[in-house]
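Remarks on the overall topology
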Amino acid sequence: MLSTAELVRRPSRPPDYAAENRALIALAQVMATSPDAILQKLADTALTLCRAHSAGLSLLEEGDQKNNFHWRAIAGQWARHINGGTPRNFGPCGTVLDQDVAMVCSHPELDFPYWAPIKPVLEEGLLIPFHIKGEALGTIWVVAHDTSRRFDAEDLRVMTNLGTFAASAYQTLLSLNATQRIASIVESSDDAIVSKDLNGVIINWNQGAERIFGYTAEEVVGKPITILIPPDRHDEEPSILERIRRGERVEHFETVRMRKHGSRVDISLTISPVKNAEGKIIGASKIARDITERKRSEAQIAILAREAEHRAKNVLATVQATVHLTQSDTPEGLKQAIEGRIQALANVHRLFVESRWEGADLHGLAQEELAAYSPGRETRVQIDGPSVLLEPNAAQAIAVILHELATNAAKYGALSVPNGQVRTEWSHEQNGQLVLRWTEKGGPPVEPPTRRGFGARVMENMVRGQFKGELKFDWHPEGLACEIVLPSVR
């Protein structure tokens, strides 16, 4: 038995809300017309929605003091096993009930010998607890009989919804007549379920509709459905009613409706004709699902995708410039120089991910760049300064600057000898300027360079060219001192 966390790691197909809405409507219709067939309809629905090879329900019953699971509804290749069963305390269904969580199982015959004769074999099964009045009384399950089908997170979502629906359906089946059963399910639905006549006048209104739209049933029953439709979408209703009169189902579509106080809500809408006992169309049944969060997530994903594209272009441009301008006397030296500068960019981008692309903390950035020069408890590197969140462009620049300074110190300065020390400190001035100071001591005697290297040119281009800041080098005999002033980092 496995946790359903395994399903989250697998590639998942996109939700098909249209198919799910149609299935719920079909289940509701069965409840209204043939309530005794609801469990078999649930098995058929699970089989179809999850594209399984077999599906069904395992129920504990009072007749044998709940000692065994009974298969009262099965669809698919295992249909011939209808009314079979398994022990309560020795099998996959019992494990699911004991832990009261959805689980995945494979080849139960390896642990439970009585499964061996059951054919075809259970290659993989997804089982959901089935509760009645708070008590776990069974499971609803889907099964794959070979490796051509593996379940995913969308199957878990669908099965969880079906399990909730199944529990409500079976509970009402045990205690209420057909009319009461369908009314209970409609009222307990999180979706808005609304019926109207052929003139568009609201007849029924469930609690889901009250939750989504803000109106109570007393406020809307007898009023036109157009009170929910924004003025710029009023042309949708005549078209919907015309299709309903022709007996057509209005398939799942996404639109916008208005709440009681005027705010708009994104919904997924499915509409079906309602017929009387003589088969005449007398109205329509609507199921509306609030998809506001999904729309918001889609918009956020689009924004993040554009941001990622922008960041990627910036990084690639920086890498391209690094490769183009880096110089060395040997191929190996060139390789090491390029690798070091690209690694500096990689380090800062990891910090971007941790902050959701808001930027990078300067202290964490400095630690990241200088960690290699102060292993264990050594104090060759000192870092000091207040908390500063650098916006991404400034963070990239500071990462490359610290890398260049550290590389130079490791080759020629304080970090090239065992007792040399480096101090990195900064202050955030009242005018918004960031002042970063790099100070070396204890290294070999320092002399001003005879030519300006690539690292110095990169630093000058970033500080002076990109940020219009100031950059100052002082080659003191005891070590290099560098001061960088950036006018704005946020």
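Each value, and the rule that gives it
Residues numbered from 1 in each chain as written. Predicted model: local features only at pLDDT ≥ 70, side-chain atom pairs only at ≥ 80, totals over all residues. Heavy atoms only, no water. Helix = DSSP H or I, 4+ residues; strand = E, 2+ residues; numbered from the N terminus. Buried < 20%, exposed > 50% of the residue type's maximum accessible area, 1.4 Å probe, protein only. Contact = heavy atoms within 4.5 Å. Areas by Shrake-Rupley, 256 points an atom, 1.4 Å probe, with all protein chains shown as cover. Pairing = 2+ DSSP bridges. Axes fitted to C-alpha atoms, helices over the stretch in contact; angles between N-to-C directions. Core = buried A, V, L, I, M, F, W, Y, C linked by side-chain atoms within 4.5 Å. Expected span 1.5 Å × (residues − 1). Polar contact = N/O pair within 3.5 Å; in protein donor to acceptor, adjacent residues only side chain to side chain.

Re the overall build of the chain
Within the chain, the regular secondary structure consists of 14 helices and 19 strands. With 490 residues in all, the chain has 45% of them scored as buried. Within the chain, contacts between residues at least 6 apart in sequence are counted, and of these 56% link residues at least 24 apart. Taken as a whole, the chain presents about 24700 Å² of accessible surface, with 52% of it coming from carbon and sulfur.

Regarding the sheet that holds strand S8 (residues 192-197)
As summarised here, the arrangement of the five strands in space is S9-S8-S12-S11-S10, forming an open sheet in which the pairing is antiparallel. Where the open sheet ends on each side, the last strands, each with one partner, are strand S9 (202-205) and strand S10 (250-258). Ignoring strand direction, the axes of neighbouring strands in this sheet form an average angle of 30°. For strand S11 (residues 264-275) and strand S12 (residues 281-290), the ladder comprises nine bridges, and the chain directions are antiparallel. Looking at S12, one finds that Lys275 is bridged to Ile281. In the packing of helix H9 (residues 236-245) onto the sheet, contacts are made with S8, S10, S11 and S12, and the angle to S10 comes to roughly 150°.

Structural notes on the pairing of strand S3 (residues 68-76)
Pairing of strand S2 (residues 54-60) with S3 involves seven bridges; the strand directions are antiparallel. Bridge pairing in S3 places Ala55 opposite Ala75.

A word on the sheet that holds strand S17 (residues 434-441)
Here five strands make up an open sheet; going across it, the order is S14-S16-S17-S19-S18 and the pairing mixed. Every other strand in the sheet has two partners, leaving strand S14 (381-384) and strand S18 (470-476) as the edge strands with one partner each. Neighbour-to-neighbour, the strand axes of this sheet turn through a mean angle of 10°, independent of strand direction. The sheet strands contacting helix H12 (residues 362-370) are S14, strand S16 (421-428) and S17, and the helix crosses S14 at an angle near 170°. Helix-sheet contacts for helix H13 (residues 392-411) involve S16, S17, S18 and strand S19 (479-486), and the interaxial angle to S17 is about 10°.

Observations concerning the nonpolar core
In this structure, Leu126, Val142 and Met159 are the most contacted members of the largest nonpolar core, which totals 41 residues. For this core, the elements supplying multiple residues, two or more each, are helix H2 (17-33), helix H3 (38-49), S2, S3, strand S6 (124-132), strand S7 (135-144) and helix H5 (153-175). In terms of residue count, H5 provides more of this core than any other element does, nine residues in total. With sequence-adjacent residues up to four places away left out, Val142 is seen in contact with Ala46, Cys50, Ala52, Ser54, Ala55, Glu124, Gly125, Leu126, Phe151 and Met159.

Some points on H13
Quick reminder: α-helices carry 3.6 residues per turn. Residues three or four places apart thus point the same way. Between its terminal C-alpha atoms H13 stretches 29 Å, which fits the 28 Å expected from 20 residues at 1.5 Å a residue. Counting buried residues in H13 gives 15 out of 20 residues, a clear majority hidden from the surface. The distance from a side-chain oxygen at the start of H13 to the backbone nitrogen of Ala394 is 3.0 Å, and the residue carrying that oxygen is Glu391.

A word on the pairing of S10
The pairing of S10 with S11 spans seven bridges and is antiparallel. In the sheet register, Val250 faces S11, and the bridge partner there is Ile271. Counted between consecutive antiparallel strands, the loop separating S10 from S11 contains five residues, among which Gly262 sits at a positive phi close to 100°.

Some points on unusual backbone geometry
Trans peptide bonds make up the majority, and among non-glycine residues the majority have a negative phi. In this structure, Pro120 follows Lys119 across a cis peptide bond, with omega equal to -5°. Position of Pro120 among the secondary structure elements: in the loop between strand S5 (103-105) and S6. Positive phi outside glycine occurs at Gln65, with the angle close to 55°. Tracing the sequence through the fold places Gln65 in the loop between S2 and S3.

Re H2
Taking 1.5 Å of rise per residue, the 17 residues of H2 would be expected to cover 24 Å, and the 24 Å separating its terminal C-alpha atoms lies within 8% of that figure. Within the sequence span of H2, burial applies to Tyr17, Ala18, Ala19, Glu20, Asn21, Ala23, Leu24, Ile25, Leu27, Val30 and Met31.

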